[in-house]
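Structural overview for review
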Amino acid sequence: MRPQERAASSCVHWLPSISATPRSILAAVLSFACVFSLTIELPAAAAIPAAAKDKKPKADPALKGLPITELSSDEAILHALNRLAYGPGPGDVERVRQMGLAKWIEQQLNPNSMDDKPMEARLQDYPTLRMSAAKLIDEYPQPKQAEKQAEKRAQAQTRQEQRRSDAAAETVARDTQEAQGQTKSGSDAEAAQQTTANPKPDMSDAPAPMKQEQPEGNPATKGAGKRDVLGGGDPNNVPRAIADDSKRPQRVVAELSMAKVTRAIYSERQLQQVMDDFWFNHFNVFAGKGEDRYYLTPYERDVIQPHAFGKFKDLVTSTAKSPAMLFYLDNFLSADPRAAQRQAMERAARQQWRRGRLGMPRPPANPQQAKKNERGLNENYGRELMELHTLGVDGGYTQKDVTEVARCFTGWTIDKPRQYADFKFDDRLHDPDPKIVLGKKIHAGGMKDGEQVIDLLVHHPSTARFISTKLARRFVSDTPPPALVSRMTETFQSSDGDMRAVLKTMIWSPEFWSRESYRAKIKTPFELVVSAVRALGTDVDTPMPLVQWVGRIGEPLYQCQPPTGYSDKADAWVNTGALLNRLNYSLALAGNKMRGARTDVASLLGVETSADPKAALDRAVQVFLGGQAGATTVETLEKQLDNPQVLQAKLDDAHKQVDLGVVAGLVLGAPEFQRR
């Protein structure tokens, strides 16, 4: 076997439905090569027949009111469902056609107009979603360090006593054998000695199944696997954090992750879920940093979700006051360096006044205590507020501006972070002197200094362009058309940062519906996992395996460490390990190899296709890819049709039954389904 085949075999031998035969290995390798080449080299329309590109579609009543001239009715509806939602489910295309695409979009832009009670009923299983940070801290406390240390000492003592007992038992056995004149063979004696010298390792301190290293993927995820239970390992395992109604603090983020997946799959308010994901990624907070695991639930519920379609200024202000952001970027520790000295002088003055009245001598100063109480200026939030949240890296600010903004936000802190975790402005920590930000004097006083900075930044032209560019990149293409970005920027400025208005400008633009934008985006791991569930109409009772699959493919939820958030460009998600896991996931889901998820592929492809592999493949391409698959994809898939695993029979059997789950899984792993 050649080295390349050996490498492929090591990755493919554990595929859920296809064994590591040479033919299956070749098909897997060809599939990944096809994905990689399509992602990097070929244009988005490469998989679309030339005749379809040249043929101008006729006007369709379903598309009335939208500037669609290059896409057919089916293509336009699929495009909308893949960009403004997490992909179509069974019957969704026809439902949108009957409603009219423009009306469906208007509903999505006004999510509160839609009833979402069935989805909300599914969320009742997650009580942490409705708790405050204070309640979460109380209900899911961190294990006390002393208790953990005592447990480790007890385990060490138990192991030591076991080793002594084993040694004593060996001595008794040896003495008994010698007394009886019995001797062991050399190999038996050696084995016994080795067993005693190397007893079975104690696994009480072994990592939980979900704490292994992350696979190769987005650089932002490196190291996340060491901190959290939601990425890597076997997705069908039950993490200890959610087993037996665990009160471990990890359960808080686990429930938050399961709720995110549930909303994305079942919510009628699909664009709301997409925008929630966009804004959380824009204002990213890492769950693995200390107390933030308790702050994330109210952060997403009370800060991100209510402002997804509102004014950008309200969203920035809300994130700036959120304990999650204050803790993540350390602004809750930021203080005017002179604050400690001022407070010390005030205390000394009060003490001197009291002692003077009582005639007591003045106590000597304690320089060590004064140094211990000192807190300095922290520039983390000031920098990220301008670089990532508003102006952008090329927004025209300087290092001096970063320092000045940090001074404006001194005193924005958290009241009792490990108890109440409420926002608090502490005037004693605030820098009272004037500041200059972007050439503007900031001296409103107290907390208003920070509010004045937010107002200045959100109305800056660079912010309008930066946010418009990020939205266009998410919804249109990795390199959004400059003309579209300019129109969105104008709307941002004229509407005072109204996000719904900016989105309408984008959606009602010809660029959004252009042939170049069609299937021009690579799905992130989260988008792929959710869209496959929706495409199959899978009934999910336990979403944790899906959460773990998202992590395994490379995007563990709430685990992005840097404030940049996860990348929205194709090159961040295209690598051999991730592409292999994408196919593995599709095969597991379609083949009913996933805990807590049930898929009825026969109802989608038709029971009659189970006797004809070619008919099953053609039907799967029609159902999952809208009938559009490139020649290379079709050729690669057809080579699998006589595989015994696909046919559920040995090669010499006369009667063959097609495994529709394998066929569906292969099509969902195809390059075209990796795009949206």
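Please read all numbers here as calculations on a predicted model, not as lab measurements.

Focus on the overall build of the chain
For the chain, the count of helices and strands is 32 helices and 6 strands. Counting all 676 residues of the chain, 51% fall into the buried class. When contacts within the chain are restricted to residue pairs at least 6 apart in sequence, those whose partners lie at least 24 apart make up 73%. Working note: accessible area of the chain is about 31400 Å², and carbon and sulfur atoms make up 52% of it.

Here we look at the packing of helix α6 (residues 101-109) against helix α24 (residues 499-507)
Axis separation between α6 and α24 bottoms out at 11 Å; the angle between their running directions is 155°. By the criterion of interaxial angle, the relationship of α6 to α24 is roughly antiparallel. Both α6 and α24 take part in a crossing whose hand is right-handed. Contacts from Ile 105, Glu 106 and Leu 109 of α6 reach α24 at Arg 500, Leu 503, Lys 504 and Ile 507.

Observations concerning the confidence of the model for the chain
In the predicted model, the chain carries a mean pLDDT of 81, and the fraction of residues at 70 or more is 72%. Contacts of residues 38-53 to residues separated by more than four positions or lying in other chains number 28 contacts, the stretch itself having pLDDT below 50. Predicted confidence is poor over residues 223-228, with pLDDT under 50, and the contacts of this stretch with residues over four places away or in other chains come to 19 contacts.

Let's talk about the pattern of salt bridges
Within this structure, the stated rule accounts for 35 salt bridges. Here Asp 539 ties to Arg 122 by a salt bridge, and the two come within 3.7 Å at their closest N and O atoms. With Asp 539 in strand β5 (residues 539-540) and Arg 122 in helix α7 (residues 117-122), the pair connects residues that are 417 residues apart, well separated along the chain. Residue class for Asp 539 comes out partly exposed when judged on its relative accessible area of 36%. Relative accessible area serves as the criterion here: at 30%, Arg 122 is assigned to the partly exposed category. One network of salt bridges, with partners in common, ties together Asp 336, Arg 338, Lys 400, Glu 404, Arg 407, Asp 431 and Asp 433.

Some details on helix α12 (residues 250-266)
In an α-helix, one turn spans 3.6 residues, which is why side chains three or four residues apart end up on the same side. Taking 1.5 Å per residue as the helical rise, α12 with its 17 residues ought to reach 24 Å, and the 24 Å between its terminal C-alpha atoms agrees with that figure. With 16 of 17 residues buried, α12 is to be regarded as a mostly interior element.

Remarks on the side chain of Glu 672
Residue position: Glu 672 is located in the segment after α32 (660-668). Put simply, Glu 672 is tucked away with no salt bridge, and the nearest opposite charge, on Arg 519, sits 6.2 Å away. A polar atom in the side chain of Glu 672 sits 3.1 Å from the side chain of Thr 633.

Looking at the packing of aromatic side chains
This model, assessed by the stated rule, comprises 16 aromatic pairs. On the basis of an interplanar angle of 65° and a centroid distance of 4.8 Å, the ring pair of Phe 409 and Trp 412 is categorised as edge-to-face. With respect to burial, Phe 409 and Trp 412 carry one shared label: buried. By way of ring pairs, the aromatic residues Phe 278, Trp 279, Phe 283, Phe 312 and Phe 492 are connected into one cluster. Here the guanidinium or amino end of Lys 260 rests over the ring plane of Phe 526, the centre of that ring lying 5.1 Å away.

What to know about the pairing of strand β2 (residues 422-425)
Across 4 bridges, the pairing between strand β1 (residues 412-415) and β2 is antiparallel. Opposite Ile 414, over in β2, you have Phe 423 as the bridge partner.

Thoughts on the side chain of Ser 73
Tracing the sequence through the fold places Ser 73 in helix α4 (residues 73-83). Those residues in contact with Ser 73, other than ones at most four positions away along the chain, are Asp 60, Ala 62, Leu 63 and Arg 97.

Overview of the nonpolar core
With 151 residues, the main nonpolar core has Leu 101, Trp 279, Phe 475 and Trp 513 as its most contacted residues. In terms of residues, this core owes the most to one element, α12, which gives 9 residues. Setting aside chain neighbours within four positions, we find Trp 279 in contact with Ile 304, Ala 308, Phe 312, Leu 315, Ile 467 and Met 499.

Quick word on the environment of Asp 336
Relative to the helices and strands, Asp 336 resides in the loop between α16 (323-328) and α17 (339-358). Linking Asp 336 and His 430, residues 94 residues apart in sequence, is a C-alpha distance of 5.7 Å.

Comments concerning the environment of Ala 570
Relative to the assigned elements, Ala 570 resides in the loop between α26 (544-553) and α27 (576-590). Relative accessible area serves as the criterion here: at 12%, Ala 570 is assigned to the buried category. A C-alpha to C-alpha distance of 7.5 Å links Ala 570 and Asp 478, two positions 92 residues apart in sequence.

Some points on unusual backbone geometry
Both trends apply: most residues other than glycine have a negative phi, and most peptide bonds are in trans. Non-glycine residue Asp 496 carries a positive phi angle of around 60°. A residue is classified by how much of its surface remains accessible, and Asp 496, at 39% relative accessible area, is partly exposed. Look at Arg 519: it is not a glycine, yet its phi comes out positive at around 50°.

Re the packing of helix α22 (residues 461-475) against helix α23 (residues 482-494)
The geometry of α22 relative to α23 is characterised by a closest axis approach of 8 Å and an angle of 125° between their N-to-C directions. As summarised for this structure, α22 and α23 are arranged oblique, according to the angle between their axes. By crossing handedness, the relation of α22 to α23 is classed as right-handed. Two secondary-structure elements touch here, α22 through Pro 461, Thr 463, Ala 464, Arg 465, Ile 467, Ser 468, Thr 469, Leu 471 and Ala 472 and α23 through Val 485, Ser 486, Met 488, Thr 489, Phe 492 and Gln 493.

Thresholds applied
Residues numbered from 1 in each chain as written. Predicted model: local features only at pLDDT ≥ 70, side-chain atom pairs only at ≥ 80, totals over all residues. Heavy atoms only, no water. Helix = DSSP H or I, 4+ residues; strand = E, 2+ residues; numbered from the N terminus. Buried < 20%, exposed > 50% of the residue type's maximum accessible area, 1.4 Å probe, protein only. Contact = heavy atoms within 4.5 Å. Areas by Shrake-Rupley, 256 points an atom, 1.4 Å probe, with all protein chains shown as cover. Axes fitted to C-alpha atoms, helices over the stretch in contact; angles between N-to-C directions. Parallel < 35°, antiparallel > 145°, perpendicular 65-115°, else oblique. Left-handed = near helix turned anticlockwise from the far one by under 90°. pLDDT = per-residue confidence, 0-100. Salt bridge = Lys/Arg side-chain N within 4 Å of Asp/Glu carboxyl O. Expected span 1.5 Å × (residues − 1). Lys, Arg positive; Asp, Glu negative; His and termini not counted. Polar contact = N/O pair within 3.5 Å; in protein donor to acceptor, adjacent residues only side chain to side chain. Phe/Tyr/Trp six-rings, centres within 6.5 Å; stacked < 30°, edge-to-face > 60°. Lys NZ or Arg CZ within 6 Å of the ring centre and 35° of its normal. Pairing = 2+ DSSP bridges. Core = buried A, V, L, I, M, F, W, Y, C linked by side-chain atoms within 4.5 Å.

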